[in-house]
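Given next are the chains, with one letter for each unit.
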Amino acid sequence: IGRERPGLWGEGKEQGVGVDKIIIEGGELLKGTIRASGAKNAALPILAASLLTEEWCTFHNVPDLVDVNTIVRLLVDLGSEVERDGAVLRTRTRRVGNWEASYDLVKTMRASILVLGPLVARTGKARVSLPGGCAIGARPVNLHLKALQELGAHIELRDGYVEATTAGLKGAPIYFDTSTVTGTENIMMAAVLAEGTTILKNAAREPEVENLALILNGMGAKIRGAGTDEIIIEGVEALGSVEGSIISDRVETGTFMIAAVLTGGDVVIEDCEPGHVEALVAKLREAGAQIDIKEKTIRITAGPNVRSVDVTTHPYPGFPTDLQAQMVALMAVGNGISVVRETVFENRFMHINELMRMGAEITIDGNRAIVRGVERLKGAPVMATDLRASASLVLAGLSAEGKTELERVYHIDRGYERIEEKLSRLGANIRRIKQ
Ligand code: EPZ
């Protein structure tokens, strides 16, 4: 307790580190049943929320991912005790001993910004490194800071750090200029201990925001409207302990659905949330797939061919930007021309150059990718640049002719729990080479 036991956080044999490679021999169709893990983008804010109470928090269905390990390391740095047993993680922060999230840590995971709201709410101060840009875009956090100021925090930017202090946060009406997932989450966490009521307008509606609100209410917070674009938070004096679950990862679910269609397979995804992937279900049906949905199960069977369809990404419940790269990999072997528009991030087409090295015919025109389907891609050595681009290259390799070698596998380990094991259980010829 209170120490990070190496090997427990997926740093051991089962999770790659540094320069592992993934080798894929394409052509196998995927068949069988698979289970998606807990959602990375729900686990990160929920773990940050545990800073808001001095009581024990118990979370189930926590995925074993590099990014989860990173935020656990940050929590321990700040003074939390953390223990983990498989997918159950328990944490308690009796006292915040340190208010700083260092650049060294934040530069490896920008979602570390999620400790800003809880630290300010719990202790009245925080010093968090600005995340800086990343591969997919500038990704500023100006809306997080503006909203925190409106709640009464004094914000200064110094040496690349955000320094926030307050004598006590006060509820206020907050309007987000654009829908921001972690911005909504950060401010929701700051507002739960503020004096008075906060109303978030144009709030993000992602299921991960709703999962966080459920956990916060389990700790004694008073939040209404999470999952809609208007969230009302009545501040309370203090929060208590909570036991709750991380929702199933809709991006992992969607990635496996696209893999099934791309390989001409027939896959059942169990213990998932079909309601969280409705935009993808609609698109894949349009592309010719057969999809049967039960309570917590999705069965997806590839159609006779892949029809080219147009896709535009939007904040939830629109088509998710986190599945755009994977969809481009599918459209690369569509039977016509597909226009894929990325409206959320300004530079989320890095996967396209690598797909073109595998024979894809794609032209980029501003925020649109024009994808002319080809018969089949050809395996090649490719480079991962960011998490979802890596997933798209794995998918392309599964259906390509010949061998695909994916370098810099650490990108994919950030958001997928042992992806090669899950896919090989479905019949893929995929393995990890430890360097
Ligand atoms: C979250 O990032 C996810 N990460 C991302 O998943 C996801 O792609 C993104 O939401 C969109 O769905 C986590 O939840 C940890 P945003 P976030 O703030 O919150 C602009 C993955 O692969 N913006 O909703 O950083 C921003 O530049 C990752 O799992 C501002 O301008 O995204 C972007 O264009 C990648 N100012 C847009 O809003 C701000 O202060 C949406 O960003 C905040 C955001």
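One structure accompanies this document, and this report is about it.

Conventions adopted
Residues numbered from 1 in each chain as written. Predicted model: local features only at pLDDT ≥ 70, side-chain atom pairs only at ≥ 80, totals over all residues. Heavy atoms only, no water. Phe/Tyr/Trp six-rings, centres within 6.5 Å; stacked < 30°, edge-to-face > 60°. Lys NZ or Arg CZ within 6 Å of the ring centre and 35° of its normal. Helix = DSSP H or I, 4+ residues; strand = E, 2+ residues; numbered from the N terminus. Buried < 20%, exposed > 50% of the residue type's maximum accessible area, 1.4 Å probe, protein only. Near = heavy atom within 4 Å. Polar contact = N/O pair within 3.5 Å; in protein donor to acceptor, adjacent residues only side chain to side chain. Areas by Shrake-Rupley, 256 points an atom, 1.4 Å probe, with all protein chains shown as cover. Nonpolar A, V, L, I, M, F, W, Y, C, P; charged D, E, K, R; others polar. Pairing = 2+ DSSP bridges. Axes fitted to C-alpha atoms, helices over the stretch in contact; angles between N-to-C directions. Contact = heavy atoms within 4.5 Å. Core = buried A, V, L, I, M, F, W, Y, C linked by side-chain atoms within 4.5 Å. Salt bridge = Lys/Arg side-chain N within 4 Å of Asp/Glu carboxyl O. Expected span 1.5 Å × (residues − 1). Parallel < 35°, antiparallel > 145°, perpendicular 65-115°, else oblique. Left-handed = near helix turned anticlockwise from the far one by under 90°.

### Digging into the packing of aromatic side chains
Between two aromatic rings, the relevant description is the distance of the centres plus the angle of the planes. Inspection of every chain in the model, using the stated rule, returns 0 aromatic pairs. We note Arg90 situated over the ring of Trp56; from NZ or CZ to the ring centre the distance is 4.2 Å. Over the aromatic face of Trp99 sits the side chain of Lys125, whose NZ or CZ is 4.1 Å from the ring centroid.

### Looking at unusual backbone geometry
Geometrically, the link from Tyr316 to Pro317 is a cis peptide bond, its omega value of 10 degrees lying close to zero. For Pro317, the location among the structural elements is in the loop between strand E18 (311-312) and helix H10 (324-331). One non-glycine residue, Asp271, adopts positive backbone phi at about 55 degrees. Position of Asp271 relative to the elements: it lies in the loop between strand E15 (266-270) and helix H9 (278-286). When its relative accessible area of 37% is taken as the criterion, Asp271 is described as partly exposed.

### Some details on the site of the ligand
Near the ligand, the surroundings consist of 21 residues, among which Asn142, Thr180, Thr182, Asp322 and Val344 are the closest. At 2.9 Å, a backbone N or O of Val181 approaches an oxygen atom of the ligand. Protein burial of the ligand: of its 820 Å² of free accessible surface, 87% is covered by the chains. Listing elements by their share of the shell around the ligand, those giving two or more residues are helix H1 (40-49), helix H5 (142-150), helix H6 (181-191) and helix H12 (387-399). Per-element accounting of the shell around the ligand gives the leading share, 3 residues, to H5. Across the shell around the ligand, the residue classes tally to 8 nonpolar, 8 polar and 5 charged.

### A few points about the sheet that holds strand E22 (residues 381-383)
Reading across from one edge, E22-E23-E1-E24 is the order of the 4 strands in this open sheet, with mixed pairing throughout. In this open sheet, the two edge strands, each paired with only one partner strand, are E22 and strand E24 (429-433). Neighbour to neighbour, the strand axes of the sheet diverge by 20 degrees on average, direction disregarded. For strand E1 (residues 21-25) and strand E23 (residues 403-407), the ladder comprises 4 bridges, and the chain directions are antiparallel. Its bridge partner being in E23, Glu25 is matched across the sheet by Lys403. This element, H12, spans E1, E22, E23 and E24 of the sheet and lies at about 165 degrees to E23.

### As for the nonpolar core
The nonpolar side chains of a soluble globular protein tend to be buried with one another. Counting residues in hydrophobic clusters, the biggest one holds 79 residues, and the most contacted among them are Leu52, Leu116, Met188 and Leu216. With residues near it in sequence (within four places) discarded, Leu216 still touches Ala49, Leu52, Met188, Met189, Val192, Ala221, Ile223 and Leu239. Core analysis: the second largest hydrophobic core is formed by 67 residues, Val251, Val267, Ile269 and Ala329 among them.

### Thoughts on the pattern of salt bridges
Taken as a whole and assessed by the stated rule, the structure comprises 35 salt bridges. A salt bridge links Arg90 to Glu83, with the shortest nitrogen-to-oxygen separation between them at 2.9 Å. Here Arg432 and Asp413 are joined by a salt bridge, their closest N and O atoms 2.8 Å apart. Taken together, the residues span a long stretch of sequence, with Arg432 in strand E24 and Asp413 in helix H13 (residues 410-413) at a distance of 19 residues. With relative accessibility at 1%, the residue Asp413 sits in the buried group. Several salt bridges share partner residues, and in doing so they unite Asp20, Asp413, Glu420, Arg432 and Lys434 into one network.

### A few points about H1
Judged by how many residues are buried, H1 sits mostly within the fold: 9 of 10 residues are covered. Among the residues of H1, Lys40, Ala42, Ala43, Leu44, Pro45, Ile46, Leu47, Ala48 and Ala49 are the ones counted as buried.

### Concerning the side chain of His351
By secondary structure assignment, the location of His351 is in helix H11 (residues 350-357). With near-sequence residues (within four places) excluded, His351 lies in contact with Gln324, Ala325, Val328, Ala389, Ser392 and Leu393.

### Observations regarding helix H2 (residues 66-78)
Given 3.6 residues per turn, any residue in an α-helix points the same way as the ones three and four places further on. Between its first and last C-alpha atoms H2 spans 19 Å; for 13 residues at 1.5 Å apiece the expected length is 18 Å, and the two agree. By the criterion of burial, H2 is predominantly enclosed, with 10 of the 13 residues buried. Among the residues of H2, Asp67, Val68, Asn69, Thr70, Ile71, Val72, Leu74, Leu75, Val76 and Leu78 are the ones counted as buried. The positive-phi residue at the C-terminal boundary of H2 is Gly79, with phi of around 120 degrees.

### Overview of the sheet that holds strand E13 (residues 230-234)
Spatially, 4 strands are ordered E10-E11-E13-E12 in an open sheet, and the strand pairing comes out mixed. Of all strands in the sheet, those with a lone pairing partner are strand E10 (173-175) and strand E12 (222-224), marking the two edges. When strand polarity is set aside, the average angle formed by the axes of neighbouring strands in this sheet is 15 degrees.

### Notes on the packing of helix H8 (residues 250-262) against H12
Contact pair H8 / H12: the axes reach a minimum separation of 9 Å and the direction vectors enclose 25 degrees. Classified by the angle between their axes, H8 and H12 sit roughly parallel to one another. Considering the relative orientation of H8 and H12, their crossing is right-handed. Judged by residue contacts, Val251, Thr255, Ile258, Ala259 and Leu262 of H8 engage Arg388, Ala391, Leu395, Ala396, Leu398 and Ser399 from H12.

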